[in-house]
Amino acid sequence: MPAVSYDVQQRDILKIAVLGAAGGIGQSLSLLLKSNASFLLPRDSSRHISLALYDVNKDAIVGTAADLSHIDTPITTTPHYPNDGNGGIARCLQDADMVIIPAGVPRKPGMSRDDLIGVNAKIIKSLGNDIAEYCDLSKVHVLVISNPVNSLVPLMVSTLANSPHSANTNIEARVYGITHLDLVRASTFVQQLNSFKSNNAPDIPVIGGHSGDTIIPVFSVLNHRASNSGYANLLDNGVRQKLVHRVQYGGDEIVQAKNGNGSATLSMAYAGFKIAAQFIDLLVGNIRTIENICMYVPLTNRYNTEIAPGSDELRSKYINGTLYFSIPLSIGINGIERVHYEIMEHLDSYERETLLPICLETLKGNIDKGLSLV
Ligand code: NAI
């Protein structure tokens, strides 16, 4: 059966490409985008949102796009797959403002995220080459969900930056690893411990990387906010260590519960949509910058604006030698504008002296692994 295409010929389109859109995360994330994204458009906006859904699984992607297309929001959904007779991935990526990538294999019980690298690195490298070829690297924002994020983001950044199309594009400032599920888990687990007594979900920054002991949930922020947040007394030694461990290895709970049928998909789609929604707000002009969003990014270049005073010192004092790190960022239309290194000053001694050194050591190996595959 030929691919069904519902492309609209409209000039002002905000185009979101989802690569791996027929998978567990891809389908749920596409559902959230299709059902909610148009509500983020300004009331008087003439823009139209288009969802370009790509997957190597032809039947699944054609079915997913057709199914979503019956939802009554003004967003077009188009299926794309290799040799679809309609341009395949080239057509999917053409003019995309944002590319979200949940393509790749998920974990099975007993596997770590690093065990996925053999298969997923090939996928990410190939998709990176396609993005370099078919996207406008001077504007596209690339959001990587596939694991292991710690290694695949360096691989994606290098693939894009080494492409002949990257000259003067500053693409490194617009490639982000999505670690937001760790923040969602940190917030959830604290509320569970508190029996959901407060109606305010606490924001817990999570820095470092996105696997095991590279994940550093900064629960010490609760100390500063405890007096008025209702989350006091959660940072006693034993309680805090259990909380940290649960955030670091929370993904395993889902892998075990699914018993061989994959890893987190629904909660990841929720986390991915929360990030995507902020990018939509940015791209349609609702906000000038996304503020304080934790994502895993390269720290090597100076991005687009002046470096904040003291940043070099903070970076070399706390995270020297790390080329990639998840840390609060300010992001504008051209990508990362500011890395909020000042969070490092606010870590307490447990975070700084116990969690950070372990994180940095593991992260270095993960990054080297990703770069070795370029
Ligand atoms: P899934 O197996 O359900 O879906 C993956 C999809 O990718 C499949 O539809 C497959 O056909 C497609 N695919 C494979 N190769 C492709 C290619 N070359 N181009 C396009 N599509 C391709 O897996 P699931 O559960 O959706 O997980 C996807 C990835 O996300 C995994 O690597 C998983 O480890 C990762 N993940 C990341 C999280 C994070 O916090 N960043 C959280 C949970 C999972």
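Residues numbered from 1 in each chain as written. Predicted model: local features only at pLDDT ≥ 70, side-chain atom pairs only at ≥ 80, totals over all residues. Heavy atoms only, no water.

By the naming in an unreviewed UniProt entry, the protein chain is malate dehydrogenase, taken from Kluyveromyces marxianus. The Sequence similarities (unreviewed entry) field of the UniProt record for the protein chain holds the comment "Belongs to the LDH/MDH superfamily. MDH type 1 family." Regarding the protein chain, the UniProt comment filed under Subunit (unreviewed entry) reads as follows: "Homodimer." (UniProt positions renumbered as here; feature names shortened; annotations may be inferred.)

1. Things to note about the packing of helix H4 (residues 117–134) against helix H5 (residues 149–161)
The description of two packed helices rests on the angle between their axes and on the distance between the axes. For the pair H4 and H5, interaxial distance at closest approach is 9 Å and the crossing angle is 30 degrees. If you check the angle between H4 and H5, you find them roughly parallel. Between H4 and H5 the crossing geometry is right-handed. Contact with H4, carried on its side by Ile117, Asn120, Ala121, Ile124, Lys125, Gly128, Asn129, Ile131 and Ala132, involves Ser151, Leu152, Leu155, Met156, Thr159 and Leu160 of H5 and no other residues of that element. When grouped by side-chain class, the residues that make up the contact of H4 with H5 number 9 nonpolar, 5 polar and 1 charged. (Axes fitted to C-alpha atoms, helices over the stretch in contact; angles between N-to-C directions. Helix = DSSP H or I, 4+ residues; strand = E, 2+ residues; numbered from the N terminus. Parallel < 35°, antiparallel > 145°, perpendicular 65-115°, else oblique. Left-handed = near helix turned anticlockwise from the far one by under 90°. Contact = heavy atoms within 4.5 Å. Nonpolar A, V, L, I, M, F, W, Y, C, P; charged D, E, K, R; others polar.)

2. Details of the side chain of His340
Position of His340 among the secondary structure elements: in the loop between strand S11 (335–339) and helix H12 (343–346). Given a relative accessible area of 11%, His340 falls into the buried group. For His340, the side chain forms a polar contact with the side chain of Glu342, separated by 2.7 Å. Those residues in contact with His340 that lie beyond four places of it in its chain are Glu291, Asn292, Ile327, Pro328, Leu329 and Ser330. (Buried < 20%, exposed > 50% of the residue type's maximum accessible area, 1.4 Å probe, protein only. Polar contact = N/O pair within 3.5 Å; in protein donor to acceptor, adjacent residues only side chain to side chain.)

3. Description of the site of the ligand
Around the ligand lies a shell of 29 residues, among which Gly24, Ile25, Asp55, Ile145 and His210 are the nearest. Between an oxygen atom of the ligand and a main-chain N or O atom of Gly23, the distance comes to 3.2 Å. One of the side-chain N or O atoms of Asp55 is found 2.6 Å from an oxygen atom in the ligand. About the coverage of the ligand: the protein hides 86% of its 860 Å² of free accessible area. Of all the secondary-structure elements, those providing two or more residues to the shell around the ligand are helix H1 (24–36) and H4. Take the shell around the ligand: its biggest share by element is 3 residues, from H4. Looking at the shell around the ligand, its residues break down into 17 nonpolar, 11 polar and 1 charged. Counting contributing residues, the shell around the ligand receives three or more from each of domain 1 (13–178) and domain 2 (179–373). (Near = heavy atom within 4 Å. Areas by Shrake-Rupley, 256 points an atom, 1.4 Å probe, with all protein chains shown as cover. Domains from an automatic or database assignment.)

4. Let's talk about the domain arrangement of the protein chain
With domains assigned, the protein chain is organised as domain 1 (13–178) and domain 2 (179–373). With centres defined by C-alpha atoms, the gap from domain 1 to domain 2 works out at 22 Å. Of the residues lining the interface, 46 residues belong to domain 1; the matching set on domain 2 comes to 54 residues. When the two sides are added together, the surface that domain 1 and domain 2 hide from each other amounts to roughly 4100 Å², 66% of it contributed by carbon and sulfur. Counting across the domain 1 and domain 2 interface gives 1 salt bridge. The closest approach of N and O atoms between Asp252 and Arg107, which form a salt bridge, is 2.8 Å. (Buried area = accessible area lost by both parts, 1.4 Å probe. Salt bridge = Lys/Arg side-chain N within 4 Å of Asp/Glu carboxyl O.)

5. Some thoughts on unusual backbone geometry
Here the amide bond leading from Asn147 into Pro148 is cis, since omega sits at 0 degrees, within 30 degrees of zero. The residue Pro148 is located in the loop between strand S5 (141–144) and H5 in this model. A positive phi is found at Asn170, a non-glycine position, where the angle reads about 55 degrees. Within the fold, Asn170 resides in the loop between H5 and strand S6 (175–177).

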